[in-house]
Amino acid sequence: MKKRKIILFAILILILYLAGNTISICMYGMKDERCEADVAIVLGAAAYDETVSPVYRERLNHGIYLYQQGYVKKIIVTGGLAEGNKYSDAYAAKQYVIDMGVPEEDIQMEETSTITQENLENAKRIMDENAYEKAIIVSDPLHMKRAMLLAKDTGMEAYSSPTPTTMYRSFRTKLPFLAREVFFYIGYRWYRLLKYF
């Protein structure tokens, strides 16, 4: 009986832990810290050769908005070469941003990454090379909490600005994305904790 109570208690703690992280991720995605910064870093999503996916397009649109409104002077687009594509995701993103009226000299590409952590680590190198001090991170709301933790770990001075036009709108599209973010966010937090032991 005692063993059963311990198991039930452990399950309850796990449920509360998962629920707490889930709520935290959702709440964080509502926070917009946009401010004057040197650069907007638009986190990558899929592209198909020279065409950005709907998810990436909305992230780019928000980065363009921040540029046009004078919050940032430059935009870094991110994303490497996906299997089967001739061009990197960042290349497709750059063409889209140019087509939307941003001068080419104000766009930089980070095109060797395959995951969010690499997006940010490589973008930080671009910032260092160009003496950029402050960045606004742009992605979907549910992606922001993990992205900002990763940005902090690069040593970047970064501020969150989630796209208001996310393609993850319905319960059917939000739930898998949220579950993925909860899994990777918790995993990364445990990785950070354990690497110091």
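Here, every reference points to the structure presented above.
Here goes a summary of the coordinates provided. None of the values given here were measured: they were computed from a predicted structure.

Parameters and conventions
- Residues numbered from 1 in each chain as written.
- Predicted model: local features only at pLDDT ≥ 70, side-chain atom pairs only at ≥ 80, totals over all residues.
- Heavy atoms only, no water.
- Pairing = 2+ DSSP bridges.
- Helix = DSSP H or I, 4+ residues; strand = E, 2+ residues; numbered from the N terminus.
- Axes fitted to C-alpha atoms, helices over the stretch in contact; angles between N-to-C directions.
- Polar contact = N/O pair within 3.5 Å; in protein donor to acceptor, adjacent residues only side chain to side chain.
- Contact = heavy atoms within 4.5 Å.
- Buried < 20%, exposed > 50% of the residue type's maximum accessible area, 1.4 Å probe, protein only.
- Lys, Arg positive; Asp, Glu negative; His and termini not counted.
- Salt bridge = Lys/Arg side-chain N within 4 Å of Asp/Glu carboxyl O.
- Expected span 1.5 Å × (residues − 1).

**Re the sheet that holds strand β7 (residues 157-160)**
Inference 1: As summarised here, the arrangement of the 5 strands in space is β5-β4-β1-β6-β7, forming an open sheet in which the pairing is parallel. Pairing within the sheet leaves two strands with one partner each, and these edge strands are β5 (107-110) and β7. On average, each strand axis in the sheet is inclined to that of its neighbour by 25°, with strand direction left out of account.
Inference 2: Here strand β1 (residues 39-42) pairs with strand β6 (residues 134-138) via 4 bridges, running parallel. Note on β6: the bridge partner recorded for Ala40 is Ile136.

**Let's talk about the side chain of Ser53**
Inference 1: Relative to the elements of secondary structure, Ser53 occurs in the loop between β3 (51-52) and α2 (54-68).
Inference 2: In this structure the side chain of Ser53 is engaged in a polar contact, spanning 2.8 Å, whose partner is the backbone oxygen of Ala46.
Inference 3: Apart from the residues lying within four places of it in its own chain, the contact partners of Ser53 are Ala45, Ala46, Ala47 and Tyr48.

**Quick notes on the side chain of Lys145**
Inference 1: Looking at the element boundaries, Lys145 is found in helix α5 (residues 144-153).
Inference 2: No salt bridge is formed by the buried Lys145, whose closest oppositely charged neighbour, Glu33, lies at an N-O distance of 9.9 Å.
Inference 3: Once residues within four sequence positions are removed from consideration, Lys145 is found in contact with Ser24, Ile25, Tyr28 and Tyr185.

**Observations regarding helix α6 (residues 171-194)**
Inference 1: If you check α6, its first and last C-alpha atoms are 34 Å apart, about what 24 residues at 1.5 Å a residue would give, namely 34 Å.
Inference 2: Every buried residue of α6 is accounted for by Phe177, Leu178, Glu181, Val182, Tyr185, Ile186 and Tyr188.
Inference 3: If you follow the buried residues of α6, they end up packed against α1 (2-28), α2, α4 (116-129) and α5.

**A word on the pattern of salt bridges**
Inference 1: Under the definition given, this model contains 10 salt bridges.
Inference 2: With its nearest N and O atoms 3.8 Å apart, the salt bridge here joins Lys31 to Glu33.
Inference 3: You can call Lys31 partly exposed: its relative accessible area is 35%.
Inference 4: Here Glu33 falls in the partly exposed class, since its relative accessible area comes to 26%.
Inference 5: The partner of Arg180 in a salt bridge is Glu181, and the shortest N-O contact between them spans 3.4 Å.
Inference 6: When its relative accessible area of 42% is taken as the criterion, Arg180 is described as partly exposed.
Inference 7: Glu181 gets classed as buried once you look at its relative accessible area, which sits at 1%.

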